[in-house]
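# Fold and geometry: a report
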Amino acid sequence: MTAHKIIVSFVGENENGILRQLSHDLMKQLEPAGFSGHVIDLGKPDWLQQFSPLLQKGIYVALGHAGIGAGLEINGQSLWDAVKVPFVSIMADPPSAVPQNHSVKSHYVANAYIFEEWLRFQQRFIRSTQFSTLVGCPGVVPNPLCDQTAWRDRSQRMVFVKTGENPQVRRDTWNTIPSRWKRVLEEASASAITRQTGDITDILVAACDAYNVQTDSRREIFYFLFQECDLYVRSYRANELVKALLALPVDIYGRNWDHLKDGATKARFHSAIDAGRLYELYADTQFLLNTSPNIASGIHERVACGLASRCCVVSDRNDFSEKNLKHLPVFHGFDSFDVNLPAYMSDLYYSKTDYTDRTQAGLDYARQHLNAQEMMYAFLEIADELRFADALVR
């Protein structure tokens, strides 16, 4: 089948339409090269009717965030092997979430990891036979509104966009699991939350070893423990930041913050915002706040989007930010366990510094080092490699 310049991105259920919007925006980066992008929601009953005519024309590559669509089959065979269309799974989340998506039996499916931690995790525990590679930090789509309002004239002083979760509620569920597993989670999470943001894999493995919980067999047990620890630590850090903001007139967008609302004296809580409106929000924001996944090798897309929107970005620091972003005048790093975090946030909020001219440094960094078009070309290169490798199969 001839491969035409058609790209298909599969999505499923996701928070606030973020994957739908991201897929559209990323594929648009290849329009100057003549590619056309199409988003197909596998949750819709007519997805096959949308997909079939594109397949008849000839698809260059199919994409799926977190491996959505990678496991599609036809007559018991991988769909992608059957139609000989390369599929690239864009992996930015811990493999423990959906481990089967990291090990799909298909010569035409590749795993493209955004962060080193998750590639290492897959190699160490899942040991997939798939073609897997590292793409690197997330590519950020340029914000077309970034120059619409100068930094000094923006109406949103400080913004945090994130779905909330009460970490204590998750912790309470540990009372229902085997007591030894609970002790593993308590020890690992207690250690992780006192450290700079980074990979927690070895922390959890050490806790498992301390309680003689095997990690080299019955992997579903380890994946469960990792997922619980990962989500708890991320939630804990986000809650520490929000608690430090409650006395400031900060705007917080996202559901599930009810457990902290009553403690707010000045902070304003808003319902979730659709991903399609984020460009407008960021382009009218001075300080964009972030807490990160448990990674040290890269940054969350909120950091990249903030820099590309001429915001000052305030985020928990990790090895990557200390090495690559610390020098930027518009990046402000913190540690979520810092007892002085409320004072730090207050000082930033009430600072008289005008960052208008300094935002150029952040914008330049995003354009040079976080280029979405380059990331998309990397996916096309992976597709070419899969297509070439097909002739090598004996």
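## Details of the overall build of the protein chain
- A count of helices and strands for the protein chain gives 15 helices and 14 strands.
- For a compact globule of 394 residues, the expected C-alpha radius of gyration is about 21 Å, and the protein chain comes in at 22 Å, within 12% of that figure.
- When each of the 394 residues of the protein chain is scored for burial, the buried share is 55%.
- Counted over contacts in the protein chain with a minimum sequence separation of 6, partners at least 24 positions apart contribute 70%.
- Summing over all exposed atoms, the protein chain offers an accessible surface of approximately 17600 Å²; the carbon and sulfur share of this is 49%.
- For the protein chain, the distance from the average site of its 40 positive side-chain charges to the average site of its 46 negative ones is 1 Å.

## A short note on the nonpolar core
- By size, the foremost hydrophobic cluster in this structure holds 79 residues, and its most contacted members are Phe10, Phe51, Trp80, Phe222 and Phe379.
- Not counting the four nearest positions on each side in its chain, Phe222 is found in contact with Phe121, Phe125, Leu204, Val205, Cys208 and Thr215.
- Counting residues in each nonpolar core, the second largest holds 42 residues, with Ala238, Ile299, Val303 and Tyr355 among its members.

## Observations concerning the side chain of Arg157
- One can find Arg157 in strand S9 (residues 156–161).
- Buried and unpaired, Arg157 has Asp354 as its nearest opposite-charge partner, separated by 8.1 Å.
- Within the local environment of Arg157, its side chain forms a polar contact with the backbone oxygen of Tyr349, the two atoms lying 2.7 Å apart.
- Those residues in contact with Arg157 that lie beyond four places of it in its chain are Trp151, Gln286, Phe287, Leu348, Tyr349, Tyr350 and Ser351.

## Some words on the sheet that holds strand S14 (residues 331–334)
- Strands sit in the order S11-S10-S9-S12-S13-S14 across an open sheet of 6 strands; the sheet is parallel. The two strands at the open ends of the sheet, each matched to only one other strand, are strand S11 (268–270) and S14. Averaged over all neighbouring strand pairs, the angle between strand axes comes to 20°, with direction disregarded.
- Bridge analysis of strand S12 (residues 285–290) against strand S13 (residues 312–316) gives 4 bridges, and the strand direction is parallel. Residue pairing for S13: Asn290 is matched across the bridge by Ser315.
- Strand contacts of helix H11 (residues 301–308): S9, S12, S13 and S14, with the helix running at about 165° to S12, the strand carrying the most contacts.

## What about the sheet that holds strand S7 (residues 109–113)?
- Strand order in the open sheet made by the 6 strands is S2-S1-S3-S6-S7-S8, with parallel pairing throughout. Two strands in the sheet have a free side with no partner beyond their single neighbour: strand S2 (36–41) and strand S8 (131–134). Strand-to-strand twist of the sheet, defined as the mean angle between neighbouring strand axes without regard to direction, takes the value 25°.
- Taken together, the 4 bridges between strand S3 (residues 61–65) and strand S6 (residues 87–91) define a ladder with parallel strand orientation. Bridge assignment links Gly64 to a residue of S6, and that residue is Ser89.
- On the sheet, helix H1 (residues 18–28) packs against strand S1 (6–11), S2 and S3 and is oriented at approximately 165° with respect to S1.
- On top of the sheet, helix H2 (residues 47–57) reaches S1 and S2; it is set at about 150° to S2, its chief contact.

## Notes on H11
- Across the 8 residues that make up H11, a large majority, 6, are buried.
- All buried positions along H11 are accounted for by Arg302, Val303, Ala304, Gly306, Leu307 and Ala308.
- The inward-facing, buried residues of H11 contact S9, helix H10 (278–282), S12, S13, S14 and helix H14 (359–369).
- Once H11 ends, the next one or two residues include Arg310, with phi positive near 60°.

## A short note on the packing of helix H7 (residues 201–210) against helix H8 (residues 219–245)
- For the pair H7 and H8, interaxial distance at closest approach is 11 Å and the crossing angle is 125°. Our classification of the angle between H7 and H8 gives oblique. For the pair H7 and H8, the crossing hand works out as right-handed. The segment H7 lies against H8, with Thr201, Leu204, Val205 and Cys208 engaging Phe222, Leu225 and Phe226.
- A breakdown of the residues in the contact of H7 with H8 according to their chemical character gives 6 nonpolar, 1 polar and no charged.

## Quick look at the pairing of S13
- Most of S13 sits out of view: 5 of its 5 residues are buried.
- Bridge count between S13 and S14: 4 bridges; the pairing is parallel. Directly across from Val313, in S14, lies its bridge partner Phe331.
- In this region the chain leaves S13, passes through helix H12 (residues 319–324) and returns to the parallel neighbour S14; the handedness of that crossover is right-handed.

## Topic: the environment of Asp93
- Here Asp93 shows up in the loop between S6 and S7.
- For Asp93, a relative accessible area of 42% corresponds to the partly exposed category.
- Separated by 21 residues in sequence, Asp93 and Ile114 place their C-alpha atoms 8.6 Å apart.
- Excluding residues within four positions of it along the chain, Asp93 makes contact with Ala66, His102 and Trp118.

Cut-offs used in this document
Residues numbered from 1 in each chain as written. Predicted model: local features only at pLDDT ≥ 70, side-chain atom pairs only at ≥ 80, totals over all residues. Heavy atoms only, no water. Helix = DSSP H or I, 4+ residues; strand = E, 2+ residues; numbered from the N terminus. Rg over C-alpha atoms; globule rule 2.2 N^0.38 Å. Buried < 20%, exposed > 50% of the residue type's maximum accessible area, 1.4 Å probe, protein only. Contact = heavy atoms within 4.5 Å. Areas by Shrake-Rupley, 256 points an atom, 1.4 Å probe, with all protein chains shown as cover. Lys, Arg positive; Asp, Glu negative; His and termini not counted. Charge placed at Lys NZ, Arg CZ, Asp CG, Glu CD. Core = buried A, V, L, I, M, F, W, Y, C linked by side-chain atoms within 4.5 Å. Salt bridge = Lys/Arg side-chain N within 4 Å of Asp/Glu carboxyl O. Polar contact = N/O pair within 3.5 Å; in protein donor to acceptor, adjacent residues only side chain to side chain. Pairing = 2+ DSSP bridges. Axes fitted to C-alpha atoms, helices over the stretch in contact; angles between N-to-C directions. Parallel < 35°, antiparallel > 145°, perpendicular 65-115°, else oblique. Left-handed = near helix turned anticlockwise from the far one by under 90°. Nonpolar A, V, L, I, M, F, W, Y, C, P; charged D, E, K, R; others polar. Right-handed = clockwise from strand over helix to strand, strands pointing away.

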